[in-house]
Each structure stands twice: as C-alpha cells, then as structure tokens.
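Here's the letter readout for the chains.
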Amino acid sequence: MALLGNLRHRPARRLSQLYAGLVLYGISMALMVRSGLGLDPWDVFHQGLSERTGLSFGTVTIAVGALVLLLWIPLRQRPGLGTVSNVVVIGLVVDATLALLPDGGPLGVRIALLIVGIVANGAATGLYLGAQLGPGPRDGLMTGFVARRPGWSIRLVRTVIEVTVLALGWLLGGRVGVGTVAYALAIGPLAHLFIPVFAVPAADTGTATPDAAPDVAPAG
C-alpha cells in the first residue's frame, strides 16, 4: 500500500467517506465518554492516561495512535492516508465534541448516549474502512502481528492486546463499566453489518474488498 493509497478509483466518494467516518468515530467516542457508563478497552486506556497526565482525552488519543504507528515499523506495515488521518482527526474531533457536550445527567440520558455512541461507532467503522484508504493504527498493529506470526489467529492477538490495554487503563483510572461489556458484545455485529454497506466497489471486478474484516477491532 502506498502512503496515500490508490486514489485513482472514485476519489471523491472515498475521501468524503473516510473523513465522514473519522469525524463520526470521534463523536461516538465523546458520546460514550459523556455517558459515564464505561468505554471500550482502548478508550479506557486513553482515559486513564488522560487522568494521570492532565492532557486532554483527544491529545492522548493522538499521542497513543502515533506511538502505535511507530510499532508498525518492525512489523513492516505500511500506512495509508486513512491510517495517518485516523491518528489526527479522531483526537481533534473527540476533544471538540467533549467541549460542546455536557455530562450525561440522568441515567436514562446516559444510557441513550451510550447506545447512540456504540451504534455510531459501528457505522463510523464501516465508513472509514469501506473507503479502503488504510486501517487505523491499532487495527494495523493486530494484523501486523498476525502476518509476522502465522500460527496466531487474529482473535487471539486482538484479545491479548485489548485485555492488556484494558487492564492498564483500569489501573490508570479509566472507567470500566456496563458500557465496556456492551461495546464488546455489540461492535462485532455492528461492524459486520456496516462494513459491507459502505464498502466502495473495487474498480476492476465491481465487488467490494474492504481493507479490514469485521473481526478486527475498530478504534482506529
């Protein structure tokens, strides 16, 4: 994959879809944060680091994404435009949304924020992966490990990485709750639903071939 990906095929749709997906992803993260009911494993880690460092949630998200991207080097992974954009755009959008969005308030409102956030996260995953301009840094970390260790399944690598970052995030003070469980249960089926819906058909065959399968973890 070239750094900027192949933009000769349907560039307007793919670029608009990529950035719509990344913006929606940042908004969905902010909704889950404001629900106060628990976050997905990577965001528990981001929140824990934010609490410890005093940096904003979005700044930590960008910094972690950049550090994870550096881990691609020994794995011989090559980023696309979507990969680089993922690192920057999501963090900026989540900070902007958190600045505009008040805390959830009553439990009913917080539950609604959580549900909308999880569904929006699934749709955002389908949008940005379907644009086929490169997976997020965390997705590439997992697929890179699998490529270098053929005997390891992507489910095993995903589980090990997510359990590790979840444990670290919890120890750092990130919020683990019912939202963490709900996200874990829902995001796979949601990604399975939305990725085919938004996948851009390939130029030669007319079929859709997203860069990442629903089994990889969203979150960029």
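Look above for the structure.
Source: prediction; values computed, not measured. (Residues numbered from 1 in each chain as written. Predicted model: local features only at pLDDT ≥ 70, side-chain atom pairs only at ≥ 80, totals over all residues. Heavy atoms only, no water.)

Colleague: When you look at helix α2 (residues 41–53) in this model, what are you seeing that I'm missing?
Modeller: An α-helix turns once every 3.6 residues. As a result, residues three or four positions apart point the same way. Along its 13 residues, α2 runs 18 Å from first to last C-alpha, staying within 8% of the 18 Å computed at 1.5 Å per residue. Taken together, the buried positions of α2 are occupied by Pro-41, Trp-42, Asp-43, Val-44, Phe-45, His-46, Gln-47, Gly-48 and Ser-50. If you check the start of α2, you find a side-chain oxygen 3.2 Å away from the backbone N of Trp-42, and it comes from Asp-40. At the exit of α2 stands Gly-54, carrying a positive phi of roughly 85°. (Helix = DSSP H or I, 4+ residues; strand = E, 2+ residues; numbered from the N terminus. Expected span 1.5 Å × (residues − 1). Buried < 20%, exposed > 50% of the residue type's maximum accessible area, 1.4 Å probe, protein only. Polar contact = N/O pair within 3.5 Å; in protein donor to acceptor, adjacent residues only side chain to side chain.)

Colleague: Explanation requested: the packing of aromatic side chains in the structure shown.
Modeller: Within a pair of aromatic rings, the relevant descriptors are the distance that separates the centres and the angle that separates the planes. One pass over the full model with this rule turns up three aromatic pairs. Here the aromatic rings of Tyr-25 and Tyr-128 are separated by 6.2 Å at their centres, their planes lie at 75°, and the arrangement is edge-to-face. Taken together, the positions of Tyr-25 in helix α1 (residues 11–35) and Tyr-128 in helix α6 (residues 107–130) put the pair 103 residues apart, joining distant regions of the chain. Under the relative-accessibility criterion, Tyr-25 is labelled buried at 1%. For Tyr-128, a relative accessible area of 0% corresponds to the buried category. Geometrically, the ring pair formed by Phe-194 and Phe-198 is stacked, given 6.1 Å between the ring centres and 15° between the ring planes. (Phe/Tyr/Trp six-rings, centres within 6.5 Å; stacked < 30°, edge-to-face > 60°.)

By themselves these figures say nothing about function.
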